[in-house]
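# Residue-level structural notes
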Amino acid sequence: MSLTQQVLELLGRNDIESAGTLCHDQLKAGNRTGEIYGLTAFLKDLCGMPNDAYRLAKQGVKNDPNSVVALAVGIPIALKFKERETAQQLVDKLATMLALGSVEKSEHRLLAKWALGGWHLAQKEYKLAERRFGEVLVEDKSFVAALLGLASAYTGLWRLDEAEAIYNRLLDAETLQASCYSGLAVVEFFRGNYRREELMYRQSLNQNPAASETHINLGMNLMRQQKWAEGWEHYQMRFANPGQGRHPACIDTPIWRGESLAGKRLLVWGEQGLGDEINFFGAIKVLRGRGLDADKAASLTYATHYPTYRLAHASPQANGWSISTWQQAAEEKWDYCISQFSIAHLLAPEELHLCAGRFNKPTVDRDGKFRVAIVWKGSSDHTNDANRSLDVELLRPLKEVCDEVVSLQYRATDVPSWATDWGGKIGDFADTALLLAHCDVLVSVCSSPLHLAGALGMKAIDLLATPTHDWRWGDGTYQPYYENVKLVSCSPQNREAGIAEAVRLVAGLREGNW
């Protein structure tokens, strides 16, 4: 019986401890094959130890680039650490080996199919993921990792009771409890039961207190419930892994925690997505207003991504700051750094609105048309994109309550015939701001143009993918950031009701009511 077969058999009996001992003994005896490193990484990942899993998976591929086990285990771990290009290379190599019939051992083929299921899961291809995991379970119904993957696929497909049943069944294995409780938390998130979601994440942390991803998810849950102070503390764990989430120039730079900045250089970087940068751009003004006066001779720089550079440079909130691109900032040395979200963390909950971005709305000559701008997709890389983005044809009823519908979807290939495509005019967000100024209202999913409209003071309707919407919108009924942005529930399970409410609001605006 091969080493892989022994490990899988022990996992089938929920004996992860013995599987771990087996792998440990092999390493201790000098086994340095890709198989043993891959299997050990596999077990570490199952037990909620991603950093150890990452290190071992890397070593496995390095030691044996053709090891099916090392390649297969490396895919989901690379995805977990947002190394999509690495994961794609491993997927391509593994898929080629399967197609050529060069994966001879049945247990290796199982691992390969499981890994490809994880790849489909990461691409939000839940049906394909379900099929891959199902193929594995036909051959080995006790393949624990495939069961966990299938539960995740069921969650993505909104088959929540089926996902819940799998997680509950696997709770008997103590070493899997952290993963199962986290999975159950996601199920409750999809149900909109945020209190129950919180309890599941706390149960998971009881089993694995060092799991940074669980801390982050609990933090977002607590902030969604407006439990801001504790939520921010957990959310700070996004920096638990070296370099993770940081600007490249800040990997070895101390985080600023309020030390004197006299004669020092501080870099604040725009964190996460472009919409996040816009949403919390005002944090730099808040920071300067908390005692960072010019007479301290501090050098204050904000690093933004290219699409927001011109916009940020012209903002009244940037007074006293140098604005840099990420690329420029990466070439320099800094004494301290801090992310814009971490500035928000320093504030009292009732001050959160002070971090909201504010930009000058361009002055334009309007042609008299009542014009509605639409955006129906966010970034496909977003973890919740499958629930957030929608079919543009659902927005067609807006055509009946305005003179013109215009698309501000960047580089869209699916602009419908009933909308005018302005997306091709967009080079950066300064261009988007100019186009928005020619419109009366934006109807959008949660996206960077939505945040921009709010920051410009424009009227906008946020089609929230309740109950799986982003934490910053609380329970989906109130937002403290933008005066003229209305939240509309647009559940993936009932899109039509949300669109109908948006149409009603747009019709009211045309009559002078908002």
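Because the structure is a prediction, the values reported are computed rather than measured.

## Topic: helix H5 (residues 68-80)
In this model H5 runs 19 Å from its N-terminal to its C-terminal C-alpha over 13 residues, within 8% of the 18 Å that 1.5 Å per residue would give. Within H5, 12 of the 13 residues are buried, leaving the element largely enclosed by the surrounding structure. Inspection of H5 places Val68, Val69, Ala70, Leu71, Ala72, Val73, Gly74, Ile75, Pro76, Ile77, Ala78 and Leu79 among the buried residues, and these make up the whole buried set. Turning to H5, the residues buried within the fold contact helix H1 (3-12), helix H3 (34-46), helix H4 (50-63), helix H6 (84-99) and helix H7 (106-122). Just past H5, the residue Lys82 takes up positive phi, approximately 60 degrees.

## Describing the environment of Lys62
You can see Lys62 is positioned in helix H4. A C-alpha to C-alpha distance of 23 Å links Lys62 and Ala99, two positions 37 residues apart in sequence.

## Quick look at the packing of aromatic side chains
Under the criterion given, the structure shown has 19 aromatic pairs. Where Phe42 meets Trp114, the ring centres are 5.0 Å apart and the plane angle is 75 degrees; that geometry is what we call edge-to-face. Here Phe42, found in helix H3, pairs with Trp114, found in helix H7; they are 72 residues apart in sequence, far enough to count as distant. Both residues of the pair, Phe42 and Trp114, count as buried. Note on Phe281 and Tyr302: the rings are 5.2 Å apart at their centroids and 90 degrees apart in plane angle, and the pair reads as edge-to-face. Of this pair, Phe281 sits in the loop between helix H15 (274-279) and helix H16 (283-289) while Tyr302 sits in strand E2 (residues 299-304); the two residues are 21 residues apart in sequence, bridging distant segments of the chain. Residue Phe281 shares its accessibility class with Tyr302, and that shared class is buried.

## Observations concerning empty space enclosed by the protein
The final tally for this structure, using the stated rule, is 1 cavity of 30 Å³ or more. Computed from the structure, the largest cavity encloses a volume of approximately 50 Å³. In this structure, the largest cavity is lined by Glu277, Ile278, Phe281, Tyr302, Thr304, Thr308, Leu311, Ala312 and Phe359. Counting residues per element, the ones that place at least two in the lining of the largest cavity are H15, E2 and helix H17 (306-313). Counting residues per element, the lining of the largest cavity draws most heavily on H17, at 3 residues.

## Notes on unusual backbone geometry
Excluding glycine, residues mostly have negative phi values, and the peptide bonds linking residues are mostly trans. Residue Pro467 follows Thr466 across a cis peptide bond; omega there is 0 degrees. Mapped onto the elements, Pro467 comes out in the loop between strand E9 (460-464) and strand E10 (485-489). One non-glycine residue with positive phi stands out, namely Gln272, at about 65 degrees. Mapped onto the secondary structure, Gln272 falls in the loop between strand E1 (265-269) and H15. Residue Arg411 is not a glycine yet carries a positive backbone phi of 55 degrees.

## Remarks on the environment of Thr308
Assignment of secondary structure puts Thr308 in helix H17. When the C-alpha atoms of Thr308 and Phe190 are compared, they prove to be 32 Å apart, with 118 residues separating the residues in sequence. Of the polar contacts made by the side chain of Thr308, one reaches the side chain of Glu277; its length is 2.9 Å.

## Quick notes on the pairing of strand E3 (residues 322-325)
In the sheet, E2 pairs with E3 via 4 bridges, with the strands oriented parallel. Note on E3: the bridge partner recorded for Thr301 is Ser322. Once you follow E2 into H17 and on to E3, the crossover reads as right-handed.

## Quick word on the nonpolar core
Formed by 79 residues in total, the largest nonpolar core has its most connected members in Phe42, Trp114, Phe143 and Leu176. Listed in part, the 60 residues of the second largest apolar core include Trp228, Ile278, Leu352 and Val375.

## Describing the pattern of salt bridges
One side chain can pair with another of opposite charge once the charged atoms of both are near each other. On inspection of all chains with the given rule, the structure shows 32 salt bridges. The closest approach of N and O atoms between Lys58 and Glu83, which form a salt bridge, is 3.2 Å. Here Glu83 lies in the loop between H5 and H6 and Lys58 lies in helix H4, a separation of 25 residues in the sequence. The salt bridge partner of Glu404 is Arg371, with a shortest N-O separation of 2.8 Å. Of the two residues, Glu404 sits in strand E6 (residues 404-407) while Arg371 sits in strand E5 (residues 371-375), which places them 33 residues apart along the sequence. For Glu404, a relative accessible area of 12% corresponds to the buried category.

Procedures and definitions
As a convention, each chain's residues are numbered from 1 in the sequence order in which they are written. Owing to the predicted nature of the model, reporting of local features is limited to residues with pLDDT of at least 70; listing and counting of side-chain atom pairs is limited to 80 or more, with chain, interface and lining totals taken over all residues. Side-chain figures throughout are based on the complete set of non-hydrogen atoms in the structure, without hydrogens or water. Numbering goes from the N terminus for both helices and strands, where a helix is a DSSP run of H or I of at least four residues and a strand is a run of E of at least two. Under the convention used throughout, the expected extent of a helix is 1.5 Å for every residue step, that is, one less than its residue count. Categorising residues by exposure relies on relative accessible area from a 1.4 Å probe, with only protein chains included: less than 20% of the type maximum marks a residue as buried, more than 50% marks it as exposed, and the intermediate range marks it as partly exposed. Contacts were defined at the residue level, with two residues in contact if any of their heavy atoms lie within 4.5 Å. Centres within 6.5 Å make a pair out of two Phe, Tyr or Trp rings, where for Trp the six-membered ring is used; the pair is then stacked when the planes are under 30 degrees apart, edge-to-face when over 60, and tilted otherwise. Grid points spaced at 1 Å over the protein atoms alone were grouped into cavities, where a 1.4 Å probe fits but cannot get out, and pockets, open sets with protein on both sides within 12 Å along at least five of seven lines, with lining residues defined by an atom within 4 Å of a point. Grid points are joined across faces, edges and corners, and a volume is the space filled by probe spheres set on the points. Contacts described as polar in this section are N or O atom pairs within 3.5 Å, which, within protein, must combine one atom able to donate a hydrogen with one able to accept it, while residues neighboring in sequence count only if both atoms come from side chains. Only strands joined by at least two bridges in the DSSP assignment are considered to pair. Seen with the strands pointing away from the viewer, any crossover whose path from the first strand over the helix to the second strand runs clockwise is right-handed. For the purposes of this section, nonpolar cores are sets of buried Ala, Val, Leu, Ile, Met, Phe, Trp, Tyr and Cys residues that join through side-chain atoms within 4.5 Å. Should a side-chain nitrogen of Lys or Arg be within 4 Å of a carboxyl oxygen of Asp or Glu, the pair is scored as a salt bridge.

Function cannot be inferred from these measures alone, as they are strictly geometric.
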